Number of protein chains: 2
Amino acid sequence: MHFTAETRLDEGVLERDFLLGEIPGILWTPPEAPLSPVPLMLLGHPGGLTRLRSRLSGRALRSTAQGFAAVTIELPGSGARPVSASAEQARADLRSAISAGSKPSEDVIDRLILPLVEQAVPEWQAALDAIQALPGLSGPVGISGGVIAIGTRLALVEPRIAAAGLFAGSYVPRTTIEEARRVTIPVHVLLQWDDVENDRQRALELFDAFGSREKTLQANMGGHTGVPPFAGEDAARFFARHLT
Amino acid sequence: MHFTAETRLDEGVLERDFLLGEIPGILWTPPEAPLSPVPLMLLGHPGGLTRLRSRLSGRALRSTAQGFAAVTIELPGSGARPVSASAEQARADLRSAISAGSKPSEDVIDRLILPLVEQAVPEWQAALDAIQALPGLSGPVGISGGVIAIGTRLALVEPRIAAAGLFAGSYVPRTTIEEARRVTIPVHVLLQWDDVENDRQRALELFDAFGSREKTLQANMGGHTGVPPFAGEDAARFFARHLT
């Protein structure tokens, strides 16, 4: 991993761009470190760091305000990263299904999401290795948002992750539901109830599947991108309970 | 309304028993009144004030800590209040259904819940009239918990109620779902996901029906009586947003 740019944000937070091999990423660290080692949030997203940068910075500032560091990396096939032919085909098939007004088939969802999970999860683990090797950043780890199938797999396979705040707003393969049954860390799931393009029933099925003794579903109104501010605050309290 | 007993609780909160006609009730008022007029929480419950007293006091202290007053009254047919023959019959039919291992029919639910709503709602409104006539207690009103069909009806018909925190853990007649469609005040619904005796699907249907622009469902683990402490805190923040 090497840093390629550095900005000091108004709040004294240090925002650093980095490359992990060929994968771009951003690391935010708080100005003071009341918690030592500093807990780390993995900020998930739907892909496209450049486009999402200001939204990600906003989410990161919520974490740094809690005394946490935050990190994100680009998804496979997003931004400037190469898209595989099969991912291209799956996206085209998804668009056809949507423009024909039908629900995408399980097959399309599997082809779209499962290879992404297979590729992204080891990349996030490698990013975690690199960040935790930096001084003071080896604290407990949380995941926040992003493609829920990736978050679920990470919650299952990565023992350094202590708590998962997931956003039930992306496609859920059946495989992910099976994996959720074996997840045992605390889980806080946000669902936008009136997100018309989201499969609410599948989201409820996924929440039901999580094997965690502590799991919370919070459903709000406001459409896909309209998560209300108080929901962000409730999620922040979830992470405070489990990472500090 | 006349007061029949008075206790000063440790926190300086005044707890007063009263009779409203023949209906027993309890009023809690905070030691200081930073908010003027003081917001008032209507504390719902499943019936049986004597048995529930310490739990209700605990909930009331959460409200008084927020600077709110809190009030509750006995339900029709509970505690020392007379039970009608038809309510007795409905309870017997419910017990038969449950001990036969079957879901109670819509008919049993209607006979059990609808007359209770019809009788209880005007009683809560009368209690509200009486409390708001006391000095300083005419602030905004919230409902918290209790029989969800009563809370939903109150949210629909009582314009002084500004926010409803409901507990989806009691029987929901279809009538209640229809009424929910016309509710427009902010609603915060708690659901215990692993409450095996609760009809989760019906609870989700009720949440879906609420016509409110702001509505939140929070589902947690812990069984019927195991609402986690953080859920109480989240509900308190919901009331703080809407009553202060």
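Going by the structure above, here's the rest.
These remarks concern the structure in this document. Every chain begins its residue count from 1, and numbering advances along the sequence as written. Just so you know, chain letters begin at A and ligand numbers begin at 1, following the order they were written in. Only residues with pLDDT of at least 70 get local features here, since the model is predicted, and only at 80 or more are side-chain atom pairs given and counted; chain-wide, interface and lining totals rely on the full set of residues. Heavy atoms throughout the structure, all of them, feed into the side-chain values; hydrogens and water do not.

1. Quick word on the nonpolar core
Here is step 1 of the chain: Ile150(A) and Ile150(B) are the most contacted members of the largest nonpolar core, which totals 113 residues.
Here is step 2 of the chain: Apart from the residues lying within four places of it in its own chain, the contact partners of Ile150(A) are Leu75(A), Leu116(A), Val117(A), Ala120(A), Val121(A) and Trp124(A). We call a set of buried Ala, Val, Leu, Ile, Met, Phe, Trp, Tyr and Cys residues a nonpolar core when their side-chain atoms join them within 4.5 Å. Here's how the labels work: a residue is buried when its accessible area is under 20% of the maximum for its type, exposed when over 50%, partly exposed in between, all with a 1.4 Å probe on protein chains only. Two residues qualify as a contact provided that any one of their heavy atoms is within 4.5 Å of a heavy atom in the partner residue.

2. Regarding the relation of the copies chain A and chain B
Here is step 1 of the chain: If you rotate chain A by 180 degrees and push it 0.0 Å along the axis, it lands on chain B with an RMSD of 0.0 Å. The two molecules are tied by a two-fold rotation axis, judged by turn and shift. Across chain A, the rotation axis passes nearest the C-alpha of Gln218(A), at a separation of 2.2 Å.
Here is step 2 of the chain: Here 100% of the contact residues of chain A are again contact residues in chain B; the copies associate through an equivalent surface. The copies are overlaid by a least-squares fit using only the C-alpha atoms of residues whose pLDDT is at least 70 in both copies.

3. Topic: helix 4 (residues 148-157) of chain A
Residues and elements named next belong to chain A.
Here is step 1 of the chain: Counting buried positions along helix 4 yields 8 of 10 residues, so the element is predominantly enclosed.
Here is step 2 of the chain: Elements are defined by DSSP. Helices are runs of H or I of four residues or more, strands are runs of E of two residues or more, and each kind is numbered from the N terminus. Turning to helix 4, its buried residues number three or more, namely Ile 148, Ala 149, Ile 150, Gly 151, Thr 152, Arg 153, Leu 154 and Ala 155.
Here is step 3 of the chain: Structurally, helix 4 contributes buried residues whose contacts are with helix 3 (106-132), strand 6 (141-145), strand 7 (161-167), helix 5 (174-180) and helix 6 (200-209).

4. A word on the interface of chain A and chain B
By convention, interface size is frequently given as the accessible area that disappears when the constituent parts associate.
Here is step 1 of the chain: Contacts between the two partners involve 18 residues from chain A, matched on the other side by 19 residues from chain B.
Here is step 2 of the chain: Between chain A and chain B, a total of about 1,700 Å² is buried, with carbon and sulfur atoms accounting for 57% of that surface.
Here is step 3 of the chain: It is Trp193(A), Met221(A) and Phe230(A) that lose the most area in chain A upon contact with chain B, and together they represent 29% of the buried surface on that side.
Here is step 4 of the chain: Take a side-chain nitrogen of Lys or Arg and a carboxyl oxygen of Asp or Glu: if they are within 4 Å of each other, that pair is a salt bridge. Our count for the chain A to chain B interface comes out at 4 salt bridges.
Here is step 5 of the chain: The shortest N-O distance in the salt bridge between Asp234(A) and Arg237(B) comes to 3.8 Å.
Here is step 6 of the chain: Identification of polar contacts relies on pairs of N or O atoms within 3.5 Å, with a donor-acceptor requirement for protein atoms, meaning one able to donate a hydrogen and the other able to accept it, and with residues adjacent in sequence counted only if both atoms are side-chain atoms. Our enumeration of links across chain A and chain B arrives at 8 residue pairs in polar contact (both at pLDDT 80 or more).
Here is step 7 of the chain: Those elements that provide at least two residues to the side of chain A that touches chain B are helix 6, strand 9 (215-220) and helix 7 (229-243) of chain A.
Here is step 8 of the chain: Throughout this entry, Asp, Glu, Lys and Arg are counted as charged residues, while Ala, Val, Leu, Ile, Met, Phe, Trp, Tyr, Cys and Pro are counted as nonpolar. The remaining residues, Gly among them, count as polar. Across the side of chain A that touches chain B, the residue classes tally to 7 nonpolar, 3 polar and 8 charged.
Here is step 9 of the chain: Strands qualify as paired when DSSP identifies two bridges or more between them. Here strand 9 of chain A runs beside strand 9 (residues 215-220) of chain B; their pairing, made up of 4 bridges, is antiparallel. From the neighbouring strand, Leu217(A) faces strand 9 of chain B, where its bridge partner is Ala219(B). Throughout, buried area stands for the accessible area (probe radius 1.4 Å) lost by two parts on being put together, summed over both.

5. Things to note about the packing of helix 2 (residues 85-99) of chain B against helix 3 (residues 106-132) of chain B
Helices that pack against each other are described as a pair by the angle of their axes relative to one another and the distance between those axes.
Residue and element names in this part refer to chain B.
Here is step 1 of the chain: Note on method: axes are straight lines fitted to C-alpha atoms, helices fitted across the in-contact stretch only, with angles between N-to-C directions ranging 0 to 180 degrees. As a packed pair, helix 2 and helix 3 sit with axes 9 Å apart at the nearest point and diverge in direction by 140 degrees. Compared by their axis directions, helix 2 and helix 3 come out oblique. The interaxial crossing formed by helix 2 with helix 3 has left-handed handedness. Across the interface between the two elements, Gln 89, Ala 90, Arg 91, Asp 93 and Leu 94 from helix 2 touch Val 108, Arg 111 and Leu 112 from helix 3. Convention used here: angles under 35 degrees read as roughly parallel, angles over 145 as roughly antiparallel, angles from 65 to 115 as roughly perpendicular, and any remaining angle as oblique. Each crossing gets its hand from how the near helix is turned against the far one by less than a right angle, where anticlockwise is left-handed and clockwise is right-handed.

6. Thoughts on the packing of aromatic side chains
Here is step 1 of the chain: Here the aromatic set is Phe, Tyr and Trp, taking the six-membered ring for Trp, and pairing holds for ring centres within 6.5 Å; pairs whose planes are under 30 degrees apart are stacked, those over 60 apart are edge-to-face, and all others are tilted. Counted by the stated rule, this structure contains 6 aromatic pairs over all chains.
Here is step 2 of the chain: Taking the centre distance of 4.9 Å and the plane angle of 85 degrees together, the rings of Phe207(A) and Trp193(B) count as edge-to-face. Of the two residues, Phe207(A) sits in helix 6 while Trp193(B) sits in the loop between strand 8 (187-192) and helix 6 (200-209), which places them in two different chains.
Here is step 3 of the chain: Summarising the aromatic geometry, the rings of Phe238(A) and Phe239(A) are spaced 5.2 Å apart at their centres and angled 65 degrees between planes, so their arrangement reads as edge-to-face.
Here is step 4 of the chain: Given the relative accessible area of 1%, Phe238(A) is considered buried.
Here is step 5 of the chain: In this structure Phe239(A) comes out as buried when scored by relative accessible area, which is 3%.
Here is step 6 of the chain: Only when the NZ of Lys or the CZ of Arg is both within 6 Å of the ring centre and within 35 degrees of the ring normal is a charge said to sit over the ring. Above the ring of Trp193(B), the side-chain terminus of Arg200(B) is found at 4.0 Å from the ring centroid.

7. Some thoughts on the pattern of salt bridges
Pairs may arise between side chains of opposite charge once their charged atoms sit close together.
Here is step 1 of the chain: Within the structure shown, the criterion is met by 36 salt bridges over all chains.
Here is step 2 of the chain: Between Arg202(B) and Glu106(B) there is a salt bridge whose closest N-O contact spans 2.3 Å. Of this pair, Arg202(B) sits in helix 6 while Glu106(B) sits in helix 3, and the two are 96 residues apart along the sequence.
Here is step 3 of the chain: Owing to a relative accessible area of 34%, Glu106(B) belongs among the partly exposed residues under this scheme.
Here is step 4 of the chain: Members of the salt-bridge network, linked through shared partners, are Glu106(A), Arg174(A), Arg202(A) and Glu205(A).

8. Focus: the side chain of Asn198(B)
Residue and element names in this part refer to chain B.
Here is step 1 of the chain: In this fold, Asn 198 is placed in the loop between strand 8 and helix 6.
Here is step 2 of the chain: Residue classification places Asn 198 among the buried positions, given a relative accessible area of 15%.
Here is step 3 of the chain: Once you skip the residues sitting within four places of it in the chain, Asn 198 turns out to touch Ala 168, Gly 169, Ser 170 and Leu 191.

9. Notes on the side chain of Gln218(A)
Here is step 1 of the chain: Tracing the backbone through its elements, the reader meets Gln218(A) in strand 9.
Here is step 2 of the chain: Using a relative accessible area of 0% as the deciding quantity, one classes Gln218(A) as buried.
Here is step 3 of the chain: Among the polar contacts made by the side chain of Gln218(A), one reaches the side chain of Asn220(A) at a distance of 2.9 Å.
Here is step 4 of the chain: Once residues lying within four places of it in the same chain are set aside, the contact partners of Gln218(A) are Val189(A), Leu190(A), Leu191(A), Phe230(A), Ala231(A), Asp234(A), Thr216(B), Leu217(B) and Gln218(B).

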